[in-house]
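# Descriptive analysis of the structure
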There are 4 protein chains.
Amino acid sequence: MTADAFLQRQGEIARAPSGIIAEGRHYYALRVFYEDTDAAGIVYYANYLRFIERARTEMMRLLGYEHSALRDATGINWTVRRCEIDYFKPARLDDALIVDSTIRTLGGASLDIEQVVRKAETVLVAATLKLACMRSDGRPARLPGGLRESLSRVANAPIPPQSTRKSPAH
Amino acid sequence: MTADAFLQRQGEIARAPSGIIAEGRHYYALRVFYEDTDAAGIVYYANYLRFIERARTEMMRLLGYEHSALRDATGINWTVRRCEIDYFKPARLDDALIVDSTIRTLGGASLDIEQVVRKAETVLVAATLKLACMRSDGRPARLPGGLRESLSRVANAPIPPQSTRKSPAH
Amino acid sequence: MTADAFLQRQGEIARAPSGIIAEGRHYYALRVFYEDTDAAGIVYYANYLRFIERARTEMMRLLGYEHSALRDATGINWTVRRCEIDYFKPARLDDALIVDSTIRTLGGASLDIEQVVRKAETVLVAATLKLACMRSDGRPARLPGGLRESLSRVANAPIPPQSTRKSPAH
Amino acid sequence: MTADAFLQRQGEIARAPSGIIAEGRHYYALRVFYEDTDAAGIVYYANYLRFIERARTEMMRLLGYEHSALRDATGINWTVRRCEIDYFKPARLDDALIVDSTIRTLGGASLDIEQVVRKAETVLVAATLKLACMRSDGRPARLPGGLRESLSRVANAPIPPQSTRKSPAH
């Protein structure tokens, strides 16, 4: 989306409880509450990780893969392996923020996702995370096939068909 | 609202970023994320206080009294003096909850608010709080006049005109 | 403990990772970090519930009943049924606080505990909670016998022997 | 510290409310409470950022530069510019953890710090952060001179004298 299109659609995003998907990206709106801020008057640095996790959860829900349903059906949980996060400008109490997420690469048992937190057109925080599917015993699990296809809706490039390589658990 | 009316309007509530006001109550929707749960598989008990604070914040925003604007214009912050909270049933990951709030009594510098957290028609948690307006130096402040009138929209009984008693700060 | 004795022992309490038990009360020290504060410059109201839960956890650990060990051995978790909390004065960044806890009444499957958060001799927050033992299926469970006896060390009055009434689960 | 020395000193670290400094590193102990865990039974990923911030705060306190005192005296706050964090193994309820911190590079207005979270000798999480000193107006500030010298106690290599380059704010 161009910056103009994004600003025009901000109200629409805020009214969609799970956000919207457009042009290979997921957009999710949230507000900054007192609980998110600290005595420096700004959002506490760990809380952006809560914000972007909410966005990932709602993206998955929109794709039909709610966390608890996935866990109950397959025993698989998402786990974060790595996170790189840059803090450019602080968010403050009552700010209306948008988290914009897109998948960069999709492996057999993991994916890289880029997530940007914006206030209007200003980027406040940008993060890149490596997520993996994990079984309840802690071992890596392959991404379920249907999920894999659904994820291409929030990827900024075509996602290649899953290779026949074995998953890292084997 | 009757239970039926409430259930029918749940989608509408979820799509209203600041919730809705109906029949003297404010209704606000939220989701349970991983950040809200604990190792017992349920929402951690302190986090319901975050949920109900979000609801109060959005209620005030809907009434035209955003926290940060009120603070910047008048130097007044809301503060919680007392909270009684009953935990009936636990909320779990991915639950869609509604916080339903109504003001019970409105004093010169404080108010009592009742807040109930529901999953569909089931009451999970019920809280009563005493809130006060506070100046930046920590002394109590009278509720601004316009706010006082606005609050009658979310009170379940007519709110009497403000008495001419002096505020507790004097 | 008298106020003087308390102040003299504050350093000792801070150096005891699980706090100390003296004269029927448990004392636990903690610091206020940025994560605990909000944009009003004070500790966010829900976070006192985190503070007092840490104190209860360390009290139980000191008595030999660590949460995870109790759960793994008996399937029992502690659950909060009700909390009444008064906020008298705010805590701020870097404050050194003491949580002082004592059991008021001990039933067959629940107990009432009083917890006070102090900064030096000043009471900031006072809470009373009803806690119950719960099985993993959500039904109430009797307090294990040995735990019952241990708890008398942190009760401010003799705890009567457990009655032969059946637990509320039956 | 060798792994053996570290394990032998774990009790000592736990009894030091602000941790200890040894061989150019700061060691700080903490416990995992229910508040830190999530419904997957492990510590929620954002909460390690809370843990390592507590360690940084106590390290600064030990060096004589408490956050609130620094802010009140100089108007300077610490701010996180960037964080890279790897999650190797999860921590669980009641785990006793040690955060081990050391400064890698020290610039005129910023520093790079490495922080590792361990359970006994096992590394659970490793993070590298860029921190900067910031004035209340959001502009970068030079590290106060005395602080600069003190920080060499927790650096794993000699810290060169501050250059005469102007700070990025000028």
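The model shown is predicted, which means the values in this text are computed figures rather than measured ones.

## A closer look at the sheet that holds strand β1 (residues 20–22) of chain A
The strands that make up a sheet pair up through hydrogen bonds in the backbone, lying either parallel or antiparallel. Strand order in the open sheet formed by 12 strands is β1(A)-β2(A)-β4(A)-β5(A)-β6(A)-β3(A)-β3(D)-β6(D)-β5(D)-β4(D)-β2(D)-β1(D), and the pairing between neighbours is antiparallel. Edge strands, defined here as strands with exactly one partner in the open sheet, are β1 of chain A together with β1 (20–22) of chain D. Taking each pair of neighbouring strands and ignoring which way they run, the sheet shows an average axis angle of 30°. Relative to the sheet, helix α3 (residues 47–62) of chain D contacts β3 (76–87) of chain A together with β1, β2 (25–31), β3 (76–87), β4 (96–106), β5 (110–119) and β6 (122–135) of chain D, its axis offset from that of β2 of chain D by approximately 130°.

## Describing the environment of A126 of chain C
Residue and element names in this part refer to chain C. You can see A126 is positioned in strand β6 (residues 122–135). By relative accessible area, which is 22% here, A126 ends up partly exposed. With 122 residues separating them in the primary sequence, A126 and D4 have C-alpha atoms 20 Å apart. Not counting residues within four places of it along the chain, the set of residues in contact with A126 comprises E84, I85, D86, F88, Q115 and V116.

## Concerning the interface of chain D and chain B
A common way to express how large an interface is: the accessible area buried when the components associate. Each partner contributes to the interface: chain D provides 8 residues, whereas chain B provides 8 residues. Between chain D and chain B lies a buried interface of about 710 Å² when both sides are counted; carbon and sulfur atoms form 71% of it. Area buried by chain D at its contact with chain B is led by Y34, A39 and Y44 of chain D, which between them contribute 56% of it. Counting every contact that joins chain D to chain B gives 0 salt bridges. For the interface between chain D and chain B, the tally reads 4 residue pairs in polar contact (both at pLDDT 80 or more). Partitioning the side of chain D that touches chain B into residue classes produces 4 nonpolar, 2 polar and 2 charged.

## Quick word on the packing of aromatic side chains
Tallied over the entire structure, the rule returns 16 aromatic pairs over all chains. With centroids separated by 5.8 Å and ring planes inclined at 75°, the aromatic side chains of Y48 of chain A and F51 of chain A adopt a geometry described as edge-to-face. You can see Y48 of chain A and its partner F51 of chain A sitting in helix α3 (residues 47–62), 3 residues apart, about one turn around the helix. Residue classification places F51 of chain A among the buried positions, given a relative accessible area of 0%. Between Y45 of chain B and Y87 of chain B the ring centres are 6.1 Å apart and the planes differ by 50°, which places this aromatic pair in the tilted class. Of this pair, Y45 of chain B sits in the loop between β2 (25–31) and α3 (47–62) while Y87 of chain B sits in strand β3 (residues 76–87); the two residues are 42 residues apart in sequence, bridging distant segments of the chain. By relative accessible area, which is 9% here, Y87 of chain B ends up buried. Taken together, Y44, Y45, Y48, F51 and Y87 of chain A form an aromatic cluster joined through their ring pairs.

The rules behind each value
Residues numbered from 1 in each chain as written. Chains lettered and ligands numbered in written order. Predicted model: local features only at pLDDT ≥ 70, side-chain atom pairs only at ≥ 80, totals over all residues. Heavy atoms only, no water. Pairing = 2+ DSSP bridges. Helix = DSSP H or I, 4+ residues; strand = E, 2+ residues; numbered from the N terminus. Axes fitted to C-alpha atoms, helices over the stretch in contact; angles between N-to-C directions. Contact = heavy atoms within 4.5 Å. Buried < 20%, exposed > 50% of the residue type's maximum accessible area, 1.4 Å probe, protein only. Buried area = accessible area lost by both parts, 1.4 Å probe. Salt bridge = Lys/Arg side-chain N within 4 Å of Asp/Glu carboxyl O. Polar contact = N/O pair within 3.5 Å; in protein donor to acceptor, adjacent residues only side chain to side chain. Nonpolar A, V, L, I, M, F, W, Y, C, P; charged D, E, K, R; others polar. Phe/Tyr/Trp six-rings, centres within 6.5 Å; stacked < 30°, edge-to-face > 60°.

Fair warning: the whole summary comes from geometry, so function is off the table for now.
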